[in-house]
Amino acid sequence: MTIATDSSTTVDIAPGERLYVPREVVIAVDSGRAIDEASSTTESNRENAVDGTVVSTSSNAILLDDDADLVVGKTGIVRSLNFELNSAVFILGSNSFLDNAGEISGSWGVFAMHLDDSIVVNSGLMSGDASRTNTSGLYLDGVDVQVRNSGEISGGVGVYLDDAADVTLRNTGEITGFTGAGVNAAGGAVSTATYSIVDC
């Protein structure tokens, strides 16, 4: 499914359906999620791509489940307007792939739970609320996850690993914690990790 015109209502995507938000197209909602995956027991969506703008002022901007692929291009913007306890991208499931070259920002930039056997690549910006100690650009709960950052990940904590194990974090960009650590592995372990922490 390609969104051809601006929308102020939630876009529901069915399992297995592909979604594309082209450059210059805006999906902005005041109530609920901007893009929401329909509940199903079958495999999740594949090959979702955003080159335009996706915004929610009251919830997570994008919600995806297992086996989700999301690519945010250089012109892509995904935002939750710092509404407490919400993230720009919320992924709930394993075997997923996220590649961000644009901007993902909210109270949490990306909030990923049970993200086992998955890959996160960031060459753009993942940003969480810098004024809170419990928010991050990337929150990760999962096992056997590859994270590669050549862009910027920032928030109260840059990357928060909660109940995460066998996470490989390779960083050639910046990971910034404004009120806490650049990387907080309080709930898990980082193995074979090389990263730099930039504290401001």
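Given the structure is predicted, the values throughout are model-derived calculations rather than measurements. (Residues numbered from 1 in each chain as written. Predicted model: local features only at pLDDT ≥ 70, side-chain atom pairs only at ≥ 80, totals over all residues. Heavy atoms only, no water.)

A short note on the sheet that holds strand 8 (residues 69-72)
Read from one edge of the open sheet, seven strands run 2-5-8-11-14-17-20, paired in parallel fashion. The open sheet is flanked by strand 2 (20-21) and strand 20 (165-171), the only strands paired with a single partner. Bridge count for strand 2 against strand 5 (residues 48-50) is two bridges, and the pairing is parallel. Bridged to Val21 within strand 5 is Val50. (Pairing = 2+ DSSP bridges. Helix = DSSP H or I, 4+ residues; strand = E, 2+ residues; numbered from the N terminus.)

Re the confidence of the model for the protein chain
On average, residues of the protein chain score 83 in pLDDT, and 86% of them reach the 70 mark or higher. Of the regions scoring below 50 in pLDDT, residues 191-200 engages in 30 contacts with residues more than four places distant in sequence or in other chains. (pLDDT = per-residue confidence, 0-100. Contact = heavy atoms within 4.5 Å.)

Side note on the sheet that holds strand 4 (residues 35-37)
Ordered by their spatial adjacency, eight strands build an open sheet running 1-4-7-10-13-16-19-22, and the pairing between neighbours is parallel. The two strands at the open ends of the sheet, each matched to only one other strand, are strand 1 (11-13) and strand 22 (183-184). Two strands pair when backbone bridges link them, and strand 16 (residues 136-140) and strand 19 (residues 157-161) are joined in this way by four bridges, in the parallel orientation. Residue pairing for strand 19: Tyr139 is matched across the bridge by Tyr160.

Considering the side chain of Asp36
Along the chain, the position of Asp36 falls in strand 4. Side-chain polar atoms of Asp36 contact the side chain of Arg33, separated by 3.2 Å. The contact partners of Asp36, leaving out residues within four places of it in the chain, are Thr10, Val11, Asp12, Ile13 and Leu63. (Polar contact = N/O pair within 3.5 Å; in protein donor to acceptor, adjacent residues only side chain to side chain.)

Let's talk about the packing of aromatic side chains
Tallied over the full model, the rule gives four aromatic pairs. Aromatic side chains Trp108 and Phe111 sit 5.2 Å apart centroid to centroid with 75° between the ring planes, which places their arrangement in the edge-to-face category. Accessibility assignment for this pair places Trp108 and Phe111 in one class, buried. Residues Tyr139 and Tyr160 carry aromatic rings whose centres are separated by 5.8 Å and whose planes lie at 5° to one another, so their mutual orientation is stacked. One end of the pair, Tyr139, is in strand 16; the other, Tyr160, is in strand 19, with 21 residues separating them in the sequence. Overall, the relative accessible area of 11% leaves Tyr139 in the buried class. (Phe/Tyr/Trp six-rings, centres within 6.5 Å; stacked < 30°, edge-to-face > 60°. Buried < 20%, exposed > 50% of the residue type's maximum accessible area, 1.4 Å probe, protein only.)

Notes on the environment of Val26
Note that Val26 resides in strand 3 (residues 26-29). Relative accessible area serves as the criterion here: at 31%, Val26 is assigned to the partly exposed category. Val26 sits 27 residues away from Thr53 along the chain, and the two C-alpha atoms are 4.7 Å apart. Look past the residues within four positions of Val26 in its chain and what remains in contact with it is Asp6, Ser7 and Thr53.

Focus: the pattern of salt bridges
Here the idea is simple: oppositely charged side chains can pair when their charged atoms come close. Per the stated rule, a full pass over the model turns up three salt bridges. Close ionic contact of Arg33 with Asp36 constitutes a salt bridge, the shortest N to O distance being 3.2 Å. Exposure remark for Arg33: the relative accessible area of 26% places this residue in the partly exposed category. Here Arg79 ties to Glu103 by a salt bridge, and the two come within 2.9 Å at their closest N and O atoms. Residue Arg79 is found in strand 9 (residues 77-80), and its partner Glu103 is found in strand 12 (residues 103-105); the two are separated by 24 residues along the sequence. For Arg79, a relative accessible area of 30% corresponds to the partly exposed category. (Salt bridge = Lys/Arg side-chain N within 4 Å of Asp/Glu carboxyl O.)

A word on unusual backbone geometry
Backbone geometry at Asp67 places phi at a positive 60°, although glycine is not the residue there. For Asp67, the position within the fold is in the loop between strand 7 (62-64) and strand 8. What makes Asp67 buried here is its relative accessible area of 19%.

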